[in-house]
Amino acid sequence: MIPFLDLKAQYGQIKPEIDAAIARAIGTAQFVLGPEVAAFEERFADYCRVAHCRSVNSGTSALHLALLAAGIGPGDEVITVSMTFVATTAAILYCGARPVFVDVDPVTWTIDPALIEAAITPRTKALLPVHLHGLMADMDPIMSIARRHGLVVIEDAAQAHGAEYKGRRAGSIGDLGCFSFYPGKNLGAFGEGGAVVTAQPELARRVSLLRDWGQETKYNHVIPGYNYRMDGIQGAVLNVKMNYIEAWTEARRSIAAEYAQLLSACSFGRPQPPWHSRHVYHVYAVTLSHRGDAQSALQDVGIGTAIHYPIPVHLQKAYAELGYGPGDLPVTEKLAKEFLSLPIYPELLPEQVVDVISKLKQVKPLAFAELTDGNEVHIRARPSNRRAS
Ligand SMILES: *Cc1c(COP(=O)(O)O)cnc(C)c1O
């Protein structure tokens, strides 16, 4: 049995530290924000190498507030991708703005910078690249397009804690960076959590106000806001996990290197991070045309897999009103049919990595098996020769 994700294994390794931190947080009775959260914000800002971090209660809230802080509102357009978790699109819609989808690059699976300018209109206000699976989008061309057109850049770094692009950390290149601490993310809380990072003090100030009812001081509401504050207990848990994030990230990277090595002679598509990028492998996805057969064959031998993501946002029923349809984003749509995410977490053992790949290589595409098997071809040919009776 190799589960797709094993959150119990990680807790097991740091249980005494986590339990003590939670007890300490409860002892202070600072259940919302408070010293544990403040300490975490400082550490996470340092980790991202940006001046300011403001925690919130989810990655979705982080995106929502980053967009609001940047002044995005009704009538505005935000250019993003459809190959992402729906939260990216949902946050744009929460602001009353319109998401405009651009296809992804077939190698990096992140926004294709060559397609951005054609999508810019007089209403475009922001670019929202997503660092899919833990690999940062191609930020240099994205930033120069943004500068040329006067656009804000917001990074969706929910899957990319500690990822780097030419030596710069995820969240530190755009005007604002958004993170999620959902339990399954590379840095996971014991519940929901998120953060916005920025180098600009005015943007940080606006996020602070927006997450806490727009209060400048208690009961002095200077702008309409939200209840998006982080729990004290989540701050305590995240502070403990900050001691391990680098080691865990390196463990993910060695597992990915092992996968890459074992897959080197295969025709499957796999992550191809550019030399200047530090991929943090929140997800290790391969692409293969017989994805469905592979997923069920692996499930039969007790290996868990997942798909990130099987239906791109622009083809989701919930967002049909945006007016997109099949064929609009060909690379995104092909990836959605071929992606298969393999188990990857710091506690995965080297022999399990070998096992996953050897089982994956044994999977025969069913359609192919039928065509090469004489009997099957015969059986398949019969109905079309049969006369109607
Ligand atoms: C997880 C995720 C989010 C949303 O984060 P939550 O904490 O679940 O609200 C947004 N964007 C991407 C790319 C994600 O993977």
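Procedures and definitions
- Residues numbered from 1 in each chain as written.
- Predicted model: local features only at pLDDT ≥ 70, side-chain atom pairs only at ≥ 80, totals over all residues.
- Heavy atoms only, no water.
- Core = buried A, V, L, I, M, F, W, Y, C linked by side-chain atoms within 4.5 Å.
- Buried < 20%, exposed > 50% of the residue type's maximum accessible area, 1.4 Å probe, protein only.
- Helix = DSSP H or I, 4+ residues; strand = E, 2+ residues; numbered from the N terminus.
- Domains from an automatic or database assignment.
- Contact = heavy atoms within 4.5 Å.
- Buried area = accessible area lost by both parts, 1.4 Å probe.
- Salt bridge = Lys/Arg side-chain N within 4 Å of Asp/Glu carboxyl O.
- Phe/Tyr/Trp six-rings, centres within 6.5 Å; stacked < 30°, edge-to-face > 60°.
- Lys NZ or Arg CZ within 6 Å of the ring centre and 35° of its normal.
- Pairing = 2+ DSSP bridges.
- pLDDT = per-residue confidence, 0-100.
- Axes fitted to C-alpha atoms, helices over the stretch in contact; angles between N-to-C directions.
- Parallel < 35°, antiparallel > 145°, perpendicular 65-115°, else oblique.
- Left-handed = near helix turned anticlockwise from the far one by under 90°.
- Nonpolar A, V, L, I, M, F, W, Y, C, P; charged D, E, K, R; others polar.
- Patch = residues over 30% accessible without salt bridge, like charges linked within 9 Å, V, L, I, M, F, W, Y side chains within 5 Å.
- Areas by Shrake-Rupley, 256 points an atom, 1.4 Å probe, with all protein chains shown as cover.

1. A look at the nonpolar core
One finds F44, F181 and L360 to be the most contacted residues of the largest nonpolar core, which totals 79 residues. In terms of residues, this core owes the most to one element, helix α2 (residues 35-48), which gives six residues. Both domains that meet at this core, namely domain 1 (7-103 + 110-242) and domain 2 (245-367), each give it at least three residues. Ranked by size, the runner-up nonpolar core spans 24 residues in total, among them V56, L65, I72 and Y228.

2. Observations regarding the domain arrangement of the chain
Domain annotation for the chain reports domain 1 (7-103 + 110-242) and domain 2 (245-367). Each of domain 1 and domain 2 has a C-alpha centre, and the two are 25 Å apart. Facing the 39 residues of domain 1 at the interface are 32 residues of domain 2. In this assembly, domain 1 packs against domain 2 so that about 3,300 Å² is buried in total across both faces, 61% of it on carbon and sulfur atoms. Linking domain 1 with domain 2 are one salt bridge. Its salt-bridge partner being R169, residue E246 comes within 3.9 Å of it at the nearest N-O pair.

3. Observations regarding the packing of aromatic side chains
One pass over the full model with this rule turns up 13 aromatic pairs. Centre to centre, the rings of Y259 and Y284 are 4.9 Å apart; their planes meet at 35°, and the pair counts as tilted. Of this pair, Y259 sits in helix α9 (residues 245-262) while Y284 sits in strand β13 (residues 284-287); the two residues are 25 residues apart in sequence, bridging distant segments of the chain. Side by side, Y259 and Y284 carry an identical accessibility label, which is buried. Three or more aromatic residues joined by ring pairs form one cluster here, namely F40, F44, Y47, F179 and F181. Its guanidinium or amino end placed over the ring of Y47, R169 lies 4.6 Å from that ring's centre, counting from NZ or CZ. The side chain of K218 reaches across the aromatic face of Y219, ending 4.7 Å from its centre.

4. A look at unusual backbone geometry
Note that the residue after H308, namely Y309, is joined by a cis bond; omega there is 15°. Unlike most non-glycine residues, H133 shows phi in positive territory, near 65°. Turning to its location among the elements, H133 is positioned in the loop between β4 (124-127) and α6 (139-149). Look at H133 and you get buried, because its relative accessible area is 1%. For Y219, which is not glycine, the phi dihedral falls at a positive 65°.

5. A closer look at the pairing of strand β9 (residues 194-198)
When you tally the buried positions in β9, you get five out of five residues, the bulk of the element. The alternating pattern of β9 places G194, V196 and T198 and A195 and V197 on opposite faces, both of which are buried. Bridging between strand β1 (residues 52-56) and β9 involves five bridges; their strand directions are antiparallel. Paired with C53 across the bridge in β9 is V197.

6. Focus on the confidence of the model for the chain
Residues at a pLDDT of 70 or more form 94% of the chain, whose mean pLDDT is 94. Across the chain, the secondary-structure element scoring lowest on mean pLDDT is helix α14 (residues 374-385), at 35, and the one scoring highest is strand β5 (residues 152-156), at 99. Throughout residues 369-389 the model reports pLDDT below 50, and contacts reaching past four residues in sequence, or to other chains, amount to five contacts.

7. A closer look at the packing of α2 against helix α8 (residues 232-242)
Where α2 contacts α8, the axes come no closer than 8 Å and their chain directions differ by 40°. Taken together, the axis directions place α2 and α8 in an arrangement best described as oblique. Between α2 and α8 lies a crossing whose hand is left-handed. The residues of α8 that touch α2, namely those facing E36, V37, A39, F40, R43, F44 and Y47, are G232, G235, A236, L238, N239 and M242. Looking at the contact of α2 with α8 residue by residue, the classes come out as eight nonpolar, three polar and two charged.

8. Topic: helix α7 (residues 201-211)
Restricting attention to buried positions, one finds in α7 the residues L203, A204, V207, L209, L210 and R211. Buried residues belonging to α7 abut α2, β1, α3 (59-69), β8 (176-180), β9 and β10 (215-217). Phi turns positive, to about 60°, at W213, one or two residues after α7.

9. Looking at a nonpolar patch on the surface
On the surface, I26, F31 and V32 cluster together into a nonpolar patch covering about 260 Å² of accessible area. Locating I26 in the fold gives a position in helix α1 (residues 7-28).

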